[in-house]
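Observations on the three-dimensional arrangement
The lines below spell out each chain.
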Amino acid sequence: MNFAKILAASALAAVSLMPLSAWAQSFTVEDVAGREVSFDGPVERVILGEGRMIYGLAPIERENPFEKVVGWRNDLYMNDKGGYKAYVAKFPEAADIPFLGRLSNGTLSIETVVDLDPDVLLLPIGDKEAADEINLEQTLEGTGARIVYIDFREHILKNTEPSLEVLGKLFGHEDRAQAVADYWNEQMARVTDTLEEAKPEEPDVFMYRAAGLVECCGTFGPNNFGLMVDWAGGHNIGSDFLPGYTGTINAEQVLASNPDVIVITGANWSNTENASDFVNVGPGAASVADESGEVLAALMEHPAFTGSSAVANDDVHAIWHQFYTSPYQFVAVQQLAKWFHPDLFADLDPDATFADFHEKFLPIAYEPGYWADIKASK
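A brief structural summary.

Cut-off values and rules
- Residues numbered from 1 in each chain as written.
- Predicted model: local features only at pLDDT ≥ 70, side-chain atom pairs only at ≥ 80, totals over all residues.
- Heavy atoms only, no water.
- Pairing = 2+ DSSP bridges.
- Helix = DSSP H or I, 4+ residues; strand = E, 2+ residues; numbered from the N terminus.
- Expected span 1.5 Å × (residues − 1).
- Buried < 20%, exposed > 50% of the residue type's maximum accessible area, 1.4 Å probe, protein only.
- Core = buried A, V, L, I, M, F, W, Y, C linked by side-chain atoms within 4.5 Å.
- Contact = heavy atoms within 4.5 Å.
- Axes fitted to C-alpha atoms, helices over the stretch in contact; angles between N-to-C directions.
- Parallel < 35°, antiparallel > 145°, perpendicular 65-115°, else oblique.
- Nonpolar A, V, L, I, M, F, W, Y, C, P; charged D, E, K, R; others polar.

The next thing to look at is the sheet that holds strand E6 (residues 120–124). Backbone hydrogen bonds are what pair the strands of a sheet, in a parallel or an antiparallel way. If you trace the five strands from one edge of the open sheet to the other, you get E5-E4-E3-E6-E7, paired in parallel fashion. Whereas interior strands pair on both sides, the edge strands pair on one side only; in this sheet they are strand E5 (99–100) and strand E7 (146–150). With two bridges joining them, strand E4 (residues 69–73) and E5 adopt parallel strand pairing. The partner of Arg 73 across the bridge, within E5, is Leu 100.

Given below as structure tokens:
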């Protein structure tokens, strides 16, 4: 046997003696940008380029979704005070995780990212353009940090399940990711299957995006909440005017469209600078339902809404804004369907659905308060 064959035989023997666990260390994910990203071993240090990614991570890393998080953007703290408080109460160490800036507005410090020595920088797909502009992937090359894109906002039908799959692979819980995806599809079908059979008339719906943070009339195009309106058996007015998932239409156009139903997205934005007149809905907000109803009534005094069928019939509601950036869209669809077609979905209980999801998948207890009605003020 020549020397080359001896070396080859020795190498093969050494590999054959490696434990099976060593074979399982390396893995590759395909993110929602279509990029294949390889890792040499388990992910242990993670930066969340958006803090609200914790909504998607929590059912995957149920025991402690913060265990491997070494940095995160401050948007959960700023945009969902109720959710932030609930998670920090259960996992106090989360309050000590450093807040980072936002890539898309130039406030993310690359030096800080490198200093935190992450295995992976999870970014929302909406940040890819900004990342490409500054050659972020090339900048991080050699540091051991890899960029992975996920998306629960811009293309929710296309990207929700793949994003869950990515998280499952990164954190070694592919079975949990699949279970969440299965639950998502099962709960969505409770609405879409019923609508397919009944084929009811679709009400015209105006989604008022982030009232109190966004001037009238911010809304949604044919994705995100706009698509959720479609799934729930409504016609999303914003889709008639906007090509993207979000944007603004003028008040005169809203008035001319005469919506049958108006739904405002809200949250506890009290940590957000300059937030005012917002509808506080979200975890634990059930106790302020009357106050939320009063805010809804005040918002409906805007000229865009006065005289509309929705206001005349008190068909005005608020829903948790953060359904738009989490894999919990099935809950929003169920609640929207009850507002659009109350007789058809009289037996559907979105509160019970979300409570069941918490019990099965999430590490925090369910606290109702994710929607409100203008009737609460009357």
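Moving on from the model shown.
A word on helix H9 (residues 156–170). The α-helix advances 3.6 residues per turn, and as a result positions three or four apart in sequence lie on the same side. Compared with an ideal rise of 1.5 Å per residue, which puts 15 residues at 21 Å, H9 spans 20 Å between its outermost C-alpha atoms and is within 8% of the ideal. One or two steps after H9, the chain reaches Gly 172, where phi turns positive at roughly 75°.

This brings us to the pairing of strand E12 (residues 261–266). Taken across its six residues, E12 has six buried, putting it largely inside the fold. Residues Val 261, Val 263 and Thr 265 of E12 are buried on one face, and the alternating residues Ile 262, Ile 264 and Gly 266, pointing to the opposite face, are buried as well. As defined by bridge partners, strand E8 (residues 204–208) adjoins E12 across four bridges and the pair is classed as parallel. Within the sheet, the bridge partner assigned to Phe 206 lies in E12 and is Ile 262. Alignment of E12 against strand E13 (residues 316–320), held across five bridges, turns out to be parallel. Bridging from a neighbouring strand, Ile 262 pairs with Val 316 of E13.

One finds Leu 122, Leu 170, Phe 225, Phe 323 and Leu 336 to be the most contacted residues of the largest nonpolar core, which totals 83 residues. Residues within four places of Leu 170 in sequence aside, it is in contact with Phe 27, Val 29, Phe 39, Val 43, Leu 122 and Val 148. Formed by 24 residues, the second largest nonpolar core is a distinct cluster that contains Cys 217, Ala 251, Leu 299 and Phe 305.

The next subject is the packing of helix H15 (residues 329–340) against helix H16 (residues 350–361). In helix packing, the relevant descriptors are the interaxial angle and the interaxial distance, both defined with respect to the helix axes. Across the interface, H15 lies against H16 with an axial gap of 9 Å and an inter-helix angle of 170°. Between H15 and H16, the interaxial angle falls into the category roughly antiparallel. Residues Phe 330, Val 331, Gln 334, Gln 335 and Lys 338 of H15 lie in contact with H16, whose contacting residues are Pro 350, Thr 353, Phe 354 and Phe 357. Its residues assigned to classes, the contact of H15 with H16 comprises five nonpolar, three polar and one charged.

Purely geometric stuff here, so don't read any function into it on its own.
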